[in-house]
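Fold and geometry: a report
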Amino acid sequence: MNNVLTDRHALYSAAEFRRRALHQSGGPVDMSWRDHGDHILNPDIVAQVESFKLRDAAVLVPVIDDGDEAHVIFTQRTATLRKHSGQIAFPGGKIDAIDGSAERAAIRETEEEIGIDGSFVETVARLPNYLASTGFRITPVLAVVRRGFELKLNPTEVDDVFEVPLSFLMNPANHSRDRRVLDGLERHFYRMPYESRMIWGITAGIVRTLYERLYA
C-alpha cells in the first residue's frame, strides 16, 4: 500500500485511516503477530513469553476525526500503578468475562479511565496481538472517535491525556530504536519522542505495527 492521496480522503484523515484499517496488509491479524513491531526485534523474548499463561487484555487505539489531520489519544499512567507506572499508554485493560469481546472491553476501559462515552467511539478493526512480558496477550482495537466527547480522568489510573497527530506517528523518521537489559535479557524497542513526551515500550510497538500494516 503506497502513501498517495485517494480521490476521496486525505492521507491522514480518519476516513482514510478507517479505509486502510479495513484493508490492512501483512496477513490475518490472528496469525501474523510475530511479523510486526518490536516482536521482530526480540525473537528470544517472544519465545519466552509464549510459554507463559497469558491473560487477555485489550487497548483502544483512538483516532479522532479532525478532518484532514486526525489525532490519536494517549494517556499517561499514574506513578502509583503496580505495572507500567508513569508510562505513556493507550486506554485499556484486562478483558472481563462480562465483556464478551476485545472491542467491548476496550470501550469499557476507555470510559472508566478517561470518561469518553462509547457512543462517540466506532470500532473499525484489530491489529495483531501484542504479547507483553508482563503476562498479557493484548488485542489493539482500532477506532474512530467523534469530537464532542468529554474527558473525565480516573486519578487512580491516569495522570494526563494528550493527542498526537496521526501524520507524526505514521512517519517512520520519528521511530527510533533503542535497547535495554531487562531481567538479564537485552530488549530492543521503539522510541517516539513527541514534544515533552516519550512514547516507548508496548505502546510504541503497537504504533509501529499500525504503521507497518496501514501506512508502510
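Residues numbered from 1 in each chain as written. Predicted model: local features only at pLDDT ≥ 70, side-chain atom pairs only at ≥ 80, totals over all residues. Heavy atoms only, no water.

Thoughts on the overall build of the protein chain
Helices and strands together make up the secondary structure of the protein chain, namely 5 helices and 11 strands. Here the C-alpha coordinates of the protein chain stretch approximately 50 × 40 × 35 Å along the principal axes. Within the span of the protein chain, comprising 216 residues, buried residues form 50% of the whole. Taking the intrachain contacts of the protein chain between residues at least 6 apart in sequence as the baseline, contacts between residues at least 24 apart amount to 66%. (Helix = DSSP H or I, 4+ residues; strand = E, 2+ residues; numbered from the N terminus. Buried < 20%, exposed > 50% of the residue type's maximum accessible area, 1.4 Å probe, protein only. Contact = heavy atoms within 4.5 Å.)

Remarks on the environment of S133
Note that S133 resides in the loop between β6 (130-132) and β7 (136-145). As a C-alpha pair, S133 and I45 span 88 residues in sequence and 7.8 Å in three-dimensional space. Residues within four places of S133 in sequence aside, it is in contact with V49, F52 and R187.

A look at helix α3 (residues 102-114)
For an α-helix, 3.6 residues make a turn, and residues three or four places apart therefore share a direction. For α3, which comprises 13 residues, the first-to-last C-alpha distance of 18 Å matches the rise-based estimate of 18 Å (1.5 Å per residue) to within 8%. The set of residues buried in α3 consists of A102, E103, A105, A106, R108, E109, T110, E113 and I114. Buried residues along α3 sit in contact with β1 (55-64), β2 (71-77), β4 (92-94), β5 (121-126), β7 and β8 (158-165). Just downstream of α3 lies G115, where phi reads positive at about 85°. (Expected span 1.5 Å × (residues − 1).)

So, the sheet that holds strand β11 (residues 197-200)
A sheet is described by the order of its strands in space; here 3 strands give the open sequence β9-β10-β11, paired in antiparallel fashion. The strands lining the two open edges of the sheet, one partner per strand, are β9 (176-182) and β11. Recorded for the sheet is a direction-independent mean angle of 40° between the axes of neighbouring strands. In this sheet, strand β10 (residues 185-194) lies alongside β9 in antiparallel orientation, the contact comprising 7 bridges. Paired with L182 across the bridge in β10 is L185. (Pairing = 2+ DSSP bridges. Axes fitted to C-alpha atoms, helices over the stretch in contact; angles between N-to-C directions.)

Observations concerning helix α5 (residues 201-215)
Across its 15 residues, α5 extends 20 Å between first and last C-alpha, which sits within 8% of the 21 Å expected from 1.5 Å per residue. Burial analysis of α5 places 15 of its 15 residues in the buried class, the great majority of the element.

Some remarks on the nonpolar core
Membership of the largest hydrophobic core comes to 42 residues, with the highest contact counts inside it found for F17, F74, L169, M170 and Y215. Sorting elements by how many residues they give to this core places α5 first, with 8 residues. Counting 17 residues, the second largest nonpolar core, distinct from the first, contains A106, I114, V145 and F149. (Core = buried A, V, L, I, M, F, W, Y, C linked by side-chain atoms within 4.5 Å.)

Some points on the environment of G67
Tracing the backbone through its elements, the reader meets G67 in the loop between β1 and β2. Along the primary structure G67 and A14 are separated by 53 residues, whereas in three dimensions their C-alpha atoms are 7.2 Å apart. Residues contacting G67, with those up to four places away along its chain left out, are S13 and A14.

Details of the packing of aromatic side chains
The final tally for this structure, using the stated rule, is 5 aromatic pairs. Geometrically, the ring pair formed by Y12 and Y215 is stacked, given 5.5 Å between the ring centres and 25° between the ring planes. One end of the pair, Y12, is in the segment before α1 (14-22); the other, Y215, is in helix α5, and 203 residues separate them in sequence. Between F74 and F90 the ring centres are 4.9 Å apart and the planes differ by 25°, which places this aromatic pair in the stacked class. (Phe/Tyr/Trp six-rings, centres within 6.5 Å; stacked < 30°, edge-to-face > 60°.)

Let's talk about the packing of α1 against α5
It is at 9 Å that the axes of α1 and α5 come closest, and there the two elements cross at 85°. In terms of orientation, α1 and α5 fall into the roughly perpendicular class. Taken together, the residues of α5 that come into contact with α1 (itself represented by E16, F17, R20 and A21) are L210, L214 and Y215. (Parallel < 35°, antiparallel > 145°, perpendicular 65-115°, else oblique.)

So, the pattern of salt bridges
Any two side chains of opposite charge can pair, so long as their charged atoms come close to each other. Tallied over the full model, the rule gives 18 salt bridges. Here E16 makes a salt bridge to R20, at a shortest N to O gap of 2.8 Å. Note that E16 and R20 are positioned in helix α1 at a spacing of 4 residues, about one turn of the helix. Here E16 and R20 have matching classes, each one buried. E186 is the salt-bridge partner of R179, the closest N and O atoms lying 3.6 Å from each other. (Salt bridge = Lys/Arg side-chain N within 4 Å of Asp/Glu carboxyl O.)

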